[in-house]
Amino acid sequence: MKNALTRTDYNFPGQKGVYHGKVRDVYNIDDQLLVMVATDRISAFDYILPEGIPYKGQVLNQIAESFLDATSDIIPNWKIASPDPMVTLGVRCEPFKVEMVVRGYLTGHAWREYSEGKRTICGEVMPEGMVENQKFPNPIITPTTKADAGHDEDISREEIIAQGIVSKEDYEQLEKYTLALYQRGCEMAAKKDLILVDTKYEFGKADGKIILMDEIHTPDSSRYFYAQGYEERLAKGEAQKQLSKEFVRQWLIENGFQGKEGQKIPFMSEEYCNSVSERYIELYEHILGEKFVKADVNNVAARIEKNVTDFLNSYK
């Protein structure tokens, strides 16, 4: 894991601050621009795992960059440029304090809730008699609060509006954008013989306009099934073949970790981390339909610093 970038500590021209997230480090430039570095950190169950995954940051950044470009006709987004394979630079927005999660299928967190007997999630009713991985009659939006630290929490549309987290007018627009982006993502996935199962979007405001922020349709923010064999596996009650970070969550669960109190994150060997890296590259190539070109990782931190600094010095 020697080539994995798990921490950054830059001082870019015009830098006013930095936010270290679970996976991304975001640098504020003159309160106008954001430099978002997709590190090789990996998180699951709201915990940052102890080892980095080589090339993961590049995979996520380049997938997100591609999908931001492919959806800019639906909603303006924050991206200005990608000066490095692991970096997106864009407009600084005032973020909404909710994440818009949209689910087309009963899986993951929704299935765990459903299997415990719950039939509503974030105020959305889930029909009786469903099985794991079954398609919902219509996609449902299950927002979460956007926690600065700790766990994101499920919240309903009604609670968001009642608590004044987002105005009714803005929230209704966020719902429209969420469903339109998900529809586009599903259409693009289908062309690659994939199913976009669920995903999340983050939005902000810049100059009074709603802007799409952060990453979209990456394997960290989304779950994909292979379309081929989906119906057969569903009928047999078998696990779906999928492209997502779920395989990491499943490995953690099998090794006794779900982020609950008293549980210990299992040891991540170099062999395991490299196998996860290979899976992320596979995700990239399948989702985008193109060969992944590994960037030079001899000195990732210095490479990023030079590329971003050069761009900022030339950007007017």
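These figures come from a predicted structure and were not determined experimentally. (Residues numbered from 1 in each chain as written. Predicted model: local features only at pLDDT ≥ 70, side-chain atom pairs only at ≥ 80, totals over all residues. Heavy atoms only, no water.)

Another point: the packing of aromatic side chains. Per the counting criterion, the structure on display carries 16 aromatic pairs. Ring centres of tyrosine 105 and tyrosine 230 lie 5.8 Å apart, and the angle between their planes is 85°; this geometry places the pair in the edge-to-face category. Of the two residues, tyrosine 105 sits in strand 9 (residues 98-105) while tyrosine 230 sits in helix 5 (residues 230-236), which places them 125 residues apart along the sequence. You can call tyrosine 230 buried: its relative accessible area is 6%. An aromatic cluster is present here, built from Tyr10, Phe12 and Tyr27 joined pairwise through their rings. In this arrangement the basic side chain of lysine 241 is found over the ring face of tyrosine 226, its NZ or CZ atom lying 4.4 Å from the centre. (Phe/Tyr/Trp six-rings, centres within 6.5 Å; stacked < 30°, edge-to-face > 60°. Helix = DSSP H or I, 4+ residues; strand = E, 2+ residues; numbered from the N terminus. Buried < 20%, exposed > 50% of the residue type's maximum accessible area, 1.4 Å probe, protein only. Lys NZ or Arg CZ within 6 Å of the ring centre and 35° of its normal.)

On to the packing of helix 1 (residues 56-70) against helix 7 (residues 270-288), then. Helix-helix packing is characterised by the crossing angle of the two axes and by the distance between the axes. Here helix 1 crosses helix 7 at 15°, and the two axes come no closer than 9 Å. As the angle between them shows, helix 1 and helix 7 are arranged roughly parallel. The handedness of the crossing between helix 1 and helix 7 is left-handed. Of helix 7, the residues touching helix 1 (which contributes Lys56, Val59, Leu60, Gln62, Ile63, Ser66 and Phe67) are Tyr280, Ile281, Tyr284, Ile287 and Leu288. Tallied by class, residues from the contact of helix 1 with helix 7 come to nine nonpolar, two polar and one charged. (Axes fitted to C-alpha atoms, helices over the stretch in contact; angles between N-to-C directions. Parallel < 35°, antiparallel > 145°, perpendicular 65-115°, else oblique. Left-handed = near helix turned anticlockwise from the far one by under 90°. Contact = heavy atoms within 4.5 Å. Nonpolar A, V, L, I, M, F, W, Y, C, P; charged D, E, K, R; others polar.)

Attention now goes to helix 4 (residues 168-190). Between the first and last C-alpha of helix 4 there are 33 Å, a value that for 23 residues agrees with the 33 Å anticipated at 1.5 Å per step. Those residues of helix 4 hidden inside the fold are in contact with strand 9, strand 12 (135-141), helix 3 (157-162), strand 14 (194-206), strand 15 (209-213) and strand 16 (222-226). (Expected span 1.5 Å × (residues − 1).)

Our focus in this paragraph is the state of the cysteines. Considering all chains together, one arrives at zero disulfides under this definition. Cysteine 186 forms no disulfide, and the closest cysteine sulfur to it belongs to cysteine 122, at a distance of 19 Å. (Disulfide = S-S within 2.5 Å.)

The residue cysteine 122 is not glycine, and still its phi comes out positive at about 55°. Within the secondary structure, cysteine 122 is located in the loop between strand 10 (120-121) and strand 11 (124-125). Using a relative accessible area of 11% as the deciding quantity, one classes cysteine 122 as buried. A positive phi is found at aspartate 193, a non-glycine position, where the angle reads about 60°. Position of aspartate 193 relative to the elements: it lies in the loop between helix 4 and strand 14. Aspartate 193 gets classed as exposed once you look at its relative accessible area, which sits at 52%.

On to the environment of aspartate 207. Looking at the element boundaries, aspartate 207 is found in the loop between strand 14 and strand 15. With 114 residues separating them in the primary sequence, aspartate 207 and cysteine 93 have C-alpha atoms 8.5 Å apart.

Buried within helix 2 (residues 108-115) are the following residues: Gly108, Ala110, Glu113 and Tyr114. In the core, the buried residues of helix 2 are packed alongside strand 9, strand 10 and strand 16. Just past helix 2, the residue glycine 117 takes up positive phi, approximately 100°.

Looking now at the nonpolar core. One finds Val35, Phe203, Tyr280, Ile287 and Ile304 to be the most contacted residues of the largest nonpolar core, which totals 84 residues. Counting residues per element, this core draws most heavily on helix 7, at nine residues. Setting aside residues no more than four positions away along its own chain, isoleucine 304 makes contact with Leu5, Tyr10, Val37, Asp84, Met86 and Val87. Counting nine residues, the second-largest nonpolar core is a separate cluster that includes Leu106, Ala110, Met126 and Ile140. (Core = buried A, V, L, I, M, F, W, Y, C linked by side-chain atoms within 4.5 Å.)

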